[in-house]
Amino acid sequence: MQPAIISVNHLHKHFKIYKHHRGALGALCNLFTREATTVRAVDGVSFTIQPGELVGYIGPNGAGKSTTLKMLTGLLTPTGGEIEVNGRVPWKQRRAHVAHIGAVFGQRTTLWWDLPVIESLDLLQYIYKIPPAQFQHNLDEFRTMLELDPFLNTPVRSLSLGQRMRADLCAALLHDPPLLFLDEPTIGLDVVAKERIRQFILHINRARGVTVILTTHDLADVEKLCERVMIIDYGRVLFDGRLESLRDRFGGQRELVVDMAEEYATVDVDGATVAAREATRVTYQFERNALSASDLIGRVSARYRIRDLMVREPNIEDTVRRIYEERLLDEE
Ligand SMILES: Nc1ncnc2c1ncn2[C@@H]1O[C@H](COP(=O)(O)OP(=O)(O)OP(=O)(O)O)[C@@H](O)[C@H]1O
Ligand SMILES: [Mg+2]
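## Things to note about the overall build of the chain
Stage number 1. A tally of regular secondary structure across the chain gives 12 helices and 13 strands.
Stage number 2. Dimensions of the chain, computed from C-alpha atoms along their principal axes, come out at roughly 75 × 55 × 45 Å.
Stage number 3. Residues classed as buried in the chain amount to 32% of the 332 residues present.
Stage number 4. Relative to all contacts within the chain whose residues are 6 or more apart in sequence, the contacts with residues 24 or more apart total 72%.

## Thoughts on helix α7 (residues 191–208)
Stage number 1. If you check α7, its first and last C-alpha atoms are 25 Å apart, about what 18 residues at 1.5 Å a residue would give, namely 26 Å.
Stage number 2. The complete set of buried residues in α7 reads K194, I197, I201 and I204. Mapping the buried residues of α7 onto a view down its axis gives an arc of 90°, with all of them on the same face. Facing away from the buried surface of α7 by more than 90 degrees, the exposed residues are V191, V192, R206 and A207.

## Some remarks on the domain arrangement of the chain
Stage number 1. Taken domain by domain, the chain holds domain 1 (6–247) and domain 2 (253–313).
Stage number 2. A straight line from the C-alpha centre of domain 1 to that of domain 2 covers 45 Å.

## Overview of the site of ligand 1
Stage number 1. Around ligand 1, the surrounding shell consists of F15, I17, V39, A41, G59, N61, G62, A63, G64, K65, S66 and T67.
Stage number 2. Those elements that provide at least two residues to the shell around ligand 1 are β1 (6–18), β2 (36–49) and α2 (65–72).
Stage number 3. A breakdown of the residues in the shell around ligand 1 according to their chemical character gives five nonpolar, six polar and one charged.

## Structural notes on the nonpolar core
Stage number 1. Formed by 61 residues in total, the largest nonpolar core has its most connected members in C170, L180 and V212.
Stage number 2. Among the elements that take part in this core, helix α6 (residues 161–173) stands out by supplying seven residues, more than any other.

## Some words on the sheet that holds strand β8 (residues 228–233)
Stage number 1. Read across the open sheet, the six strands follow the order β5-β6-β7-β3-β8-β9; overall the sheet is mixed. Only two strands of the sheet have a single neighbouring strand rather than two, namely β5 (102–105) and β9 (236–242). Neighbour to neighbour, the strand axes of the sheet diverge by 15° on average, direction disregarded.
Stage number 2. Sheet analysis places strand β3 (residues 54–58) next to strand β7 (residues 211–215), joined by four bridges and oriented parallel. Note that in β7 the partner of Y57 across the bridge is T215.

## Some details on the sheet that holds β1
Stage number 1. A sheet is described by the order of its strands in space; here three strands give the open sequence β2-β1-β4, paired in antiparallel fashion. Strands with a single pairing partner mark the edges of an open sheet, and in this sheet they are β2 and β4 (80–85). Averaged over all pairs of adjacent strands, the angle between their axes in this sheet comes to 30°, without regard to strand direction.
Stage number 2. Relative to β2, β1 runs antiparallel, the two sharing 11 bridges. Looking across to β2, one finds that K16 is bridged to T38.

## Some thoughts on the pairing of β5
Stage number 1. Of the two faces of β5, both are covered, the one formed by G102 and V104 as well as the one formed by A103 and F105.
Stage number 2. Pairing geometry for β5 and strand β6 (residues 179–183), over four bridges, is parallel. Looking at the pairing, A103 lines up with F181 of β6.

## Let's talk about the environment of L76
Stage number 1. With respect to the helices and strands, L76 occurs in the loop between α2 and β4.
Stage number 2. With 15 residues separating them along the chain, L76 and W91 place their C-alpha atoms 6.9 Å apart.
Stage number 3. Discounting chain neighbours no more than four positions away, the residues touching L76 are K13, T67, K70 and M71.

## Quick look at the packing of helix α4 (residues 117–127) against α6
Stage number 1. Contact geometry for α4 and α6: axes closest at 10 Å, N-to-C directions at 15°. Compared by their axis directions, α4 and α6 come out roughly parallel. Like other packed secondary-structure pairs, α4 and α6 cross with a definite hand, here right-handed. When α4 is examined against α6, the residues V117, S120, L121 and L124 are found in contact with a partner set consisting of A167, C170 and A171.
Stage number 2. Classifying every residue of the contact of α4 with α6 gives six nonpolar, one polar and no charged.

Rules and cut-offs
Note that residues are indexed from 1 along each chain, following the sequence as it is written. Chains carry letters and ligands carry numbers; both start at the beginning, A for chains and 1 for ligands, and go up in the order they are written. Totals for whole chains, interfaces and linings use every residue, but because this is a predicted model, local features are given only for residues with pLDDT of at least 70 and side-chain atom pairs only at 80 or more, for both listing and counting. Counting from the N terminus, the helices are DSSP H or I runs at least four residues long and the strands are E runs at least two residues long. Exposure in this text rests on C-beta crowding, where 20 or more other C-beta atoms within 10 Å of a residue's own make it buried, 12 or fewer make it exposed, and counts in between make it partly exposed. The C-beta atoms are placed from the backbone. Here, residues touch in the contact sense if the C-beta positions derived from the backbone fall within 7 Å of one another. Here a helix's expected span is defined as the number of its residues, less one, multiplied by 1.5 Å. The directions considered for the arc run from the helix axis to the C-beta atoms. The start and end points of each domain follow an automatic or database-based domain assignment. Put plainly, near means the residue's C-beta atom, positioned from the backbone, lies within 6 Å of the molecule or strand in question. When residues are sorted by character, Ala, Val, Leu, Ile, Met, Phe, Trp, Tyr, Cys and Pro go into the nonpolar class, Asp, Glu, Lys and Arg into the charged class, and all the rest, Gly among them, into the polar class. Structurally, a nonpolar core is described as a collection of buried Ala, Val, Leu, Ile, Met, Phe, Trp, Tyr and Cys residues joined by way of C-beta atoms within 7 Å. At least two DSSP bridges between two strands are needed for those strands to be called paired. Angles shown run from 0 to 180 degrees and are taken between the N-to-C directions of axes, each axis being a line fitted to C-alpha atoms and, for helices, limited to the stretch in contact. An angle below 35 degrees is read as roughly parallel, one above 145 as roughly antiparallel, one from 65 to 115 as roughly perpendicular, and any other as oblique. In this scheme the crossing of two helices becomes right-handed for a clockwise turn of the near helix relative to the far one and left-handed for an anticlockwise turn of less than a right angle.

Listed below in structure tokens is the structure:
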């Protein structure tokens, strides 16, 4: 196995929040009392990521996703624990570190607000000392894939959200970083724009072998992009594994929808319950660990004549919601 490109060990980030007294007397009070509460934004996170992986880092609001990414990109210093990225400690070797990563924070741009997009990109060539041939090659590829041409000369502040995200993605990758951090890269985008960004992320990962770690609240991003997901909440990892095993372990019931050739008086079969019935259409629910879809289809077709059928997987949104709500792993 190759050495990990990211390794994180017992990572913590605690923020101290000082209580604020209001009013004139309060202001005086603020000078002398320092009542503080501690927010454990990241509370003992450990994982490793291999080169070439595309990992979804998901969790509800306030779970600690952005804080983790900020520590991985060197923007924040951990309160405790260890991080090594590309063989460097991000917060200690910040300059060398940022030269070898790309990062897009969906909520704010890394480009210069008043400059036209192309001038921002030119500046990056200068800052990262990107050789002209490499710069031109990358810019040509990204311009086409991200369809940047219509707004290359527009100041960043005038870009639409989708345009800005595409410009930011291009900017993050011009210096060929082996690693890309994306914090909510599809936030606020329409379905077409989201799809375009997803295609681009896939391309960067597959064709260029860039390791990607991304946060998102759109679980369609995860389903379409990530083989591995990490679910975090309250600064801790609740699940880390393959998307399929997430479904296997927490997905619960699958459904078999059957169109019968005729209407039968009863449609019962062993191992499944009838969840819905409408004319000749019957929806069976069955436990994935107890029965395979093909066994169930065999049982149904032995008793009834089938015209058509379809197996429905539980969707990941429901699966993840169940994990949040029930804290299933805590109970184990
Ligand atoms: N600079 C800060 N000072 C104090 N508290 C902070 C700071 N940054 C984050 N926090 C707190 O840390 C916790 C985790 O925040 P974080 O931004 O990492 O969550 P997130 O998972 O990215 O959430 P979201 O999905 O809403 O973006 C929150 O409770 C937040 O209020
Ligand atoms: Mg966040």
